[in-house]
Amino acid sequence: MDFQQIQLDQRLHEAINRAGFETPTPIQEKALPVALGGSDIIGIAQTGTGKTAVFVLATLQKLLQGPRNHVRALIVTPTRELAQQIHSDIKMLSHGTKLHAAAIYGGVNATQQIKTLQRGVEILIACPGRLLDLINQGYISLHEVEILVLDEADRMLDMGFMPDIKRIIKHMPQKHQTMLFSATFPKEIEKMAAQTLQSPKRIDVGFSNPTKTVEHALYPVPAHLKTEMLLEILKNTETDSVLVFSRTKRRTYRLEKKIRAAGYKVTSLHGDRSQNQRDAAMQGFRSGIYQVMIATDVAARGLDIDSISHVINYDIPDTADAYVHRIGRTGRAEREGQAFTLVTPDDDKMVRDIEKRVGYKIPTVRLENFNYKAEAPQPINYTNNISSPKNRQRRSNKARGW
Ligand code: AMP
């Protein structure tokens, strides 16, 4: 199938060409005609499958007809990064249509967002909290919304946004088209979908696309040698950008320091970083200033960076679903990507869960020149250590006569 077989306005076909999309991805092939027909849809697809273009193109096609300057489509997403990415996809695909979109999210001053809203937009991409704030302050009305998109619904559930979503829906007219996208389909989402969608058509591309483009591997390692193993992998692997997942903010912070000490350009994304720091990290990673980014699951939700060649799970995720999300950050669309997971004997059960989910046994890799029997690196003990930083400082202060 090619895009020409999908009934879209000529301007959208041109934008698709300009974006360099040659053939529709499986979710686009299945879901786009259904979405264009106006049905509610449930798309089971993760980031990397091309799902954004499904709801963006269906939305743009519908909005080309009809009034301008008020909000007619609302796209709700869990994170600001995802909101920004969708916004830029909309800009790319709406080229030449004169439709306007605005991204609304917290963590930054609302003034600029309000100004943009006041100029009149047809498409709103929003995170739930800031959206509700601006609705309550009277800056946004959803009374004429015709299309609602709930993107990464399972992530929104994880992040506790379901009550907000229900509140948002109450501000909308009864009649509208809903497109719900989720990488996984837990019971709570199923229940919410049953309550809010009208005879939805379910389109499931599940895991088929990522497994084609992502090569998985397990690296068994004693827990105390994980950092050495990660450094060994980095040293011996040809990579573009590498996204490393660690379990906690604290571990992320410590790992970042060790990777930096080994000479890599590294940044991190975790809950303790300010919005400015997050933006700088994202921008630096996206542009290639940083080759490695260490992140926690929460911080990395919905990231879409084309150049990620490797996802490395320094810590195995807590669930098979989280694994699906993490590896969805590489092998974008039809590109090749690799997903490496460091595993300790404690991770056996989770490995089995993940393999069940992926549908095959993930190969195990042993590194030839790695000393698996090495002792744990000794923590540096500065007491009585003549060259401790404190002593060095004291000596240099003395030398300076301070
Ligand atoms: P998504 O799953 O929506 O996050 O999309 C993942 C990436 O695939 C984005 O960078 C898109 O620009 C890209 N993409 C979407 N559709 C296509 C297509 N038909 N051909 C090539 N790349 C695509």
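Residues numbered from 1 in each chain as written. Predicted model: local features only at pLDDT ≥ 70, side-chain atom pairs only at ≥ 80, totals over all residues. Heavy atoms only, no water.

A. Molecular detail of the environment of Ile259. With respect to the element layout, Ile259 can be found in helix H12 (residues 249-261). With a relative accessible area of 0%, Ile259 lands in the buried category. In the structure, Ile259 is positioned 34 residues away from Met293 in sequence and 9.9 Å away in space, judged by C-alpha atoms. When neighbours within four sequence positions are excluded, Ile259 is seen to be in contact with Leu230, Leu231, Leu234, Tyr264, Val266 and Ile294. (Helix = DSSP H or I, 4+ residues; strand = E, 2+ residues; numbered from the N terminus. Buried < 20%, exposed > 50% of the residue type's maximum accessible area, 1.4 Å probe, protein only. Contact = heavy atoms within 4.5 Å.)

B. Region of the structure containing the site of the ligand. Inspection of the region around the ligand gives 16 residues, with Thr23, Gln28, Gly48, Gly50 and Thr52 positioned closest. Separating an oxygen atom of the ligand from a backbone N or O atom of Lys51 is a distance of 3.3 Å. Against a free-state accessible area of 500 Å², the protein chains account for coverage of 86% of the ligand. Along the lines of polarity and charge, the residues of the shell around the ligand split into four nonpolar, eight polar and four charged. No fewer than three residues from each of domain 1 (3-206) and domain 2 (214-358) sit in the shell around the ligand. (Near = heavy atom within 4 Å. Polar contact = N/O pair within 3.5 Å; in protein donor to acceptor, adjacent residues only side chain to side chain. Areas by Shrake-Rupley, 256 points an atom, 1.4 Å probe, with all protein chains shown as cover. Nonpolar A, V, L, I, M, F, W, Y, C, P; charged D, E, K, R; others polar. Domains from an automatic or database assignment.)

C. Examining the environment of Met1 more closely. Summarising the element assignment, Met1 is placed in the segment before helix H1 (10-19). Exposure remark for Met1: the relative accessible area of 40% places this residue in the partly exposed category. For the pair Met1 and Pro24, spaced 23 residues apart in sequence, the C-alpha to C-alpha distance is 7.1 Å. If we ignore the near neighbours within four places in the chain, the residues touching Met1 are Ile6, Thr23, Pro24 and Glu29.

D. Structural context of the pattern of salt bridges. Under the counting rule described, the total for this entry stands at 15 salt bridges. Across the pair Asp151 and Lys51 runs a salt bridge whose closest N-O atoms are separated by 2.9 Å. You can see Asp151 sitting in the loop between strand S5 (147-150) and helix H7 (153-158) and its partner Lys51 sitting in helix H3 (residues 51-64), a full 100 residues away along the chain. A relative accessible area of 0% means that Asp151 is categorised as buried. Residue classification places Lys51 among the buried positions, given a relative accessible area of 3%. Asp297 serves as the salt-bridge partner of Arg326, at 2.7 Å between the closest nitrogen and oxygen. With Arg326 in helix H14 (residues 320-327) and Asp297 in the loop between strand S11 (292-295) and strand S12 (308-313), this residue pair connects regions lying 29 residues apart in the sequence. Several salt bridges share partner residues, and in doing so they unite Lys51, Asp151 and Glu152 into one network. (Salt bridge = Lys/Arg side-chain N within 4 Å of Asp/Glu carboxyl O.)

E. Inspection of helix H6 (residues 128-136) at higher detail. Taken together, the buried positions of H6 are Pro128, Arg130, Leu131, Leu132, Leu134 and Ile135. Summarising the contacts, the buried residues of H6 are in contact with strand S2 (73-76), strand S3 (101-104), helix H5 (111-119), strand S4 (123-126), H7 and helix H8 (162-170). Immediately downstream of H6, the backbone of Gly138 shows phi near 85 degrees, a positive value.

F. Examining the sheet that holds strand S9 (residues 241-245) more closely. As summarised here, the arrangement of the six strands in space is S8-S13-S12-S9-S11-S10, forming an open sheet in which the pairing is parallel. Sheet topology places strand S8 (214-220) and strand S10 (266-269) at the edges, where each strand pairs with a single neighbour. Taking the axes of each pair of neighbouring strands and ignoring which way they run, one obtains an average angle of 20 degrees across the sheet. Sheet topology note: the S10/S11 ladder contains four bridges and is parallel. Following the sheet pairing, Val266 is matched in S11 by Val292. Each of S9, S10 and S11 is contacted by H12, which is oriented at about 170 degrees to S10, the strand it contacts most. (Pairing = 2+ DSSP bridges. Axes fitted to C-alpha atoms, helices over the stretch in contact; angles between N-to-C directions.)

Treat this as a map of the structure, not an account of what it does.
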